Structures are given as C-alpha cells and as structure tokens.
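# A look at the structure
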Amino acid sequence: MERRTLPGRLTWQRGEVVATEQETARAQSITLALPTWMGHRAGQHVDVRLTAEDGYQAERSYSIASPPEEQPRVTLTVERLDDGEVSPYLTEELRVGDKLELRGPIGGYFVWEASMGGPLLLVAGGSGIVPLMAMLRHRAAVGSTVATRLLYSSRSYADIIYRDELERLDEADQMLEVVHTLTRVQPPGWTDYHRRIDTDMLREVAWPSDQHPLMYICGPTPFVETAAASLVTLGHEPARIKTERFGPTGEA
Amino acid sequence: MSEGFISRAFRGRRQQGDVAGRLPPGQYLERGFPVLSAGPTPHTPLERWDFSIVGNVKEPKRWTWQELLAFPHETPTVDISCVTKWTKFDNHWEGVSVETLLQQVEYDPNVARYVIAFSDGGYTTNLPLADVLGGKAWVAFSYEGQPLAPEHGGPARLLVPHLYFWKSAKWVRGLRLVDHDEPGFWESLGYHNYGDPWKEERYQGD
C-alpha cells in the first residue's frame, strides 16, 4: 500500500458559499470560496463544522467534488439524509452568501492524479460518485488521455448525479467510457444495465486484470463489498483496489 | 477560529446530558455499525489463519485459530468512536486480551515500547505498548454474540476502544514489538499518531 505524508496541521477555515446547485431531488452541490485553501487531490474529503447560537457544534465529513484546478473554489456535493443532523441544513438551509467552516483536505489514500496513470476503473454507487467525479474533472482539466471507465449505479434516471456533465464528458472524450446501471426504474428505451452491480457486469465493463487497472470504488457498504469482491474474483490485485464507504449504516 | 462564528439558522440536534457526556468531542451517536476500509475485504480461511507476536521478543510465538480460542475469553462491553465522527455505545465483544498473549512471550518493556499491529491486506497501525496492556486491548472474534463478520474485521480484529477505531485493526494477524515508534497506514496519511477521541486527536497536529 502506498504512502504519502501530509505535513502540517489542518486548521478550521471559513469559506463563503458562492454557488449552490440542485443535482437531484436529494443531492445538492455547494461551491465555497476558500481564500486560505492549501489545495487538495481528487478523491479527498473535508470535515464540515456547524455551530449553533449557543455554541453547540456538529461535524461531518463530505467528499470534494471539484478538481484541484478550481481552487480556491471548492465544491462539495451533499446528499440529504432524512434523519440527518447536518445534511438537511447543508442541502436546504444554506444559501449563497452564507459562511461555512471546514477543514481539510483529509485522506491521502483514496486519491487519483493524472500522473498515476491507468487504465482507470471507477465504480460508483449513488452519491459515491462524488469523489470519483473529482477524479474525472481533474482528468478533464489537465487534458489527461488515461483510458478510463466509469460504472455508475443509481436507483433511477432522475437519481443520476452530474448526469448531463457525465454525458458531455463521455461524448467529448474517446478515452472515457461512462456506463450506467439503474437498479429500480429505467426510462423507456434504456439500453445500459438495469440491475444491481455483479461480477458479470464488472467482467464486461472492467479492464481485464492483465491490464492492471487502478480501481476506485465508492458507495454504500454492501455495494462496495460486492464490487470489490467481484473484482478480486476476476483476478484483480487487491492492492490496486481502493475503496471508500459510507452509510446508510443500519447493518450491524 | 470558531470564536464568535455561528452557522446561520443552524439549531442542531442536542443529545440529552447523559448521552452528551458520553460522546467524545465532535462525535455523534450512531446506532448502526458503519464499515470503513481502504480496500477489499480479505477472506483468509481459518485453517490457514494464525496470530503471531514477533519483533523485539526473545522468541516469536504463533498460534493457530484453535490455539487462540483456547486462551481465556473476556467479554468487554465498550463504546467505540470512529474518526469519521460516529460513536456507538455498549458494544459487546468477546476475545482474548492482548495482555494474555503478551504474557506468552519474553520481552524487555524498556526496549519494546511500541507495537505495530499487522493485518491481512497489508494494513498496519502503531500503538504504544502501554496502550495494549492492562486490560485495554483485545483480539476480538465475536460481536454481539455472533462470529465477527468479515466486513467488520472477522475472523478477528484488534479492539482498542480507548483510541479512535482505526487503531482497532481489522483482519489482524499479529503484533510486532518495536523499540521505536513507526507510523502505520493511516498514521502515514495525515491521521494522528495516537488518536485519543477525548482529545479529538483526528489528524496530524491536532
């Protein structure tokens, strides 16, 4: 497993919300101007801290969706969890002109930079697309021609985060292939996959193991477990498979 | 720099006093059991599984799965806190205390002052020796009365509940006693070297 030391101390900094964008019914992108941002690498996340009038604070982690090339602007995409404490505030209350406290970047393992090469396989489940989108945007921003495939599982067409941008990136770049699977509802005429991710799907979409792709999987735990185990079954080296998982957290 | 800073219109969900007092700073109460791992879940068959103590010891030791289970079991009930902000109360584990295992090897505690836990898949984490002695650490193989699930570190994980949970190495296969501290996997990637949740030691420099 590779190493990279991040020196220094992560201090809290304050950013101003300069744009918000509704991505889907539940996902919202928030763009912050961060004058003291020290830069990040695609795939990293931040800690966000909210403070109430009486001093009560709540902290959560969110993935960065924007590429390093856009700093000092940093975009987070947040999925609203109905019983959440922080995500409803970020997706429904926060607006342009508000200030937000955060610190980061955090996490030095689940990162991809164009210099790392490929081929690159990205596997996303739901809002697990967010750190992978930072990688795709970074790849586009630096004009990388690393052969890349994204397999993205969503519940329905309307639940696909960054749908239009992914389509544009896919059409504009012969070295990028975007494949969707819709697990619950498919629009008429849908020609991509329409089932949960499985070994057969990954056999068809992933690079053969003898091409030694770099693999990044992000999504809910059962999704990541299935995708990672399938890739190992298909002969990929476990050490080249990087995973990031998030709730829902019901299972014990 | 939070002095005077207020998140406009944020009210938050305060916990009752008894819960709040049990939550380390910056943590929230979680009722599920989230999974966080950097790579695929390893699946080492029990017949090939063993647990070793190596490094600065007079003679390294190695136990098979059955030999490990033959040591006296303990059943700690503990709260666990993950650096990603969740804390889960009253987790019931079963395992063998690390102290019991260390009693089986000869070492000089003035030399072997640190331990590196190592796992299937290449994960490592470093701890001061003192933090795995005195009934503060276990090799745990059962959770809530069931064999520990692979995604939670089964067949066995280190359990060091007084530190952030990345120190409780999943899929643990042994301990290496060393005379100098040596950052492990997350400790080399910007996370705190010690990781005390009550001091909110999440990242380097905290």
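Every value quoted in this text rests on a predicted model; they were computed, and no experiment measured them. (Residues numbered from 1 in each chain as written. Chains lettered and ligands numbered in written order. Predicted model: local features only at pLDDT ≥ 70, side-chain atom pairs only at ≥ 80, totals over all residues.)

### Some details on unusual backbone geometry
Filter applied, for reference: To qualify as a helix, a DSSP run of H or I must reach at least 4 residues; to qualify as a strand, a run of E must reach at least 2; elements of each kind are numbered from the N terminus. As a rule, residues whose C-beta atom has 12 or fewer other C-beta atoms within 10 Å are exposed, those with 20 or more are buried, and those in between are partly exposed; C-beta atoms are placed from the backbone.
A cis amide bond links A:G118 with the next residue in sequence, A:P119, at an omega value of 0°. Along the chain, A:P119 turns up in the loop between strand 6 (99-106) and strand 7 (120-125). B:P155 follows B:G154 through a cis peptide bond whose omega is 15°. Relative to the helices and strands, B:P155 resides in the loop between strand 9 (146-147) and strand 10 (157-159). With a phi close to 100°, B:K85 is a non-glycine residue in the positive phi region. Structurally, B:K85 is set in the loop between strand 4 (77-81) and strand 5 (86-97). Here the phi dihedral of B:W171 falls at roughly 50°; this positive angle occurs in a residue that is not glycine. By the C-beta count within 10 Å, which is 25 here, B:W171 ends up buried.

### With respect to the interface of chain A and chain B
Keep this limit in mind: By the criterion used throughout, residues are in contact when their C-beta atoms, derived from the backbone, lie within 7 Å. The nonpolar class holds Ala, Val, Leu, Ile, Met, Phe, Trp, Tyr, Cys and Pro. Asp, Glu, Lys and Arg form the charged class, and all remaining residues, Gly among them, are polar.
Taken together, the contact between chain A and chain B spans 43 residues of the former and 38 residues of the latter. A per-element tally of the side of chain A that touches chain B places helix 5 (residues 221-233) of chain A first, with five residues. Classifying every residue of the side of chain A that touches chain B gives 18 nonpolar, ten polar and 15 charged.

### Considering the sheet that holds strand 1 (residues 13-22) of chain A
All names here are of chain A. Short version of the rule: Pairing between two strands is assigned when DSSP locates at least 2 bridges connecting them. Helix axes are fitted to C-alpha atoms over the stretch in contact, other axes to C-alpha atoms as well, and angles between N-to-C directions run from 0 to 180 degrees.
Taken together, the six strands give an open sheet; going across it, the order is 4-3-6-1-2-5, and neighbouring strands pair in antiparallel fashion. The two strands at the open ends of the sheet, each matched to only one other strand, are strand 4 (57-63) and strand 5 (73-79). Strand-to-strand twist in this sheet, taken as the mean axis angle between neighbours without regard to direction, amounts to 40°. When strand 1 meets strand 6, the two strands line up antiparallel, connected through four bridges. Directly across from G15, in strand 6, lies its bridge partner L100.

Purely geometric numbers; function is a separate question.
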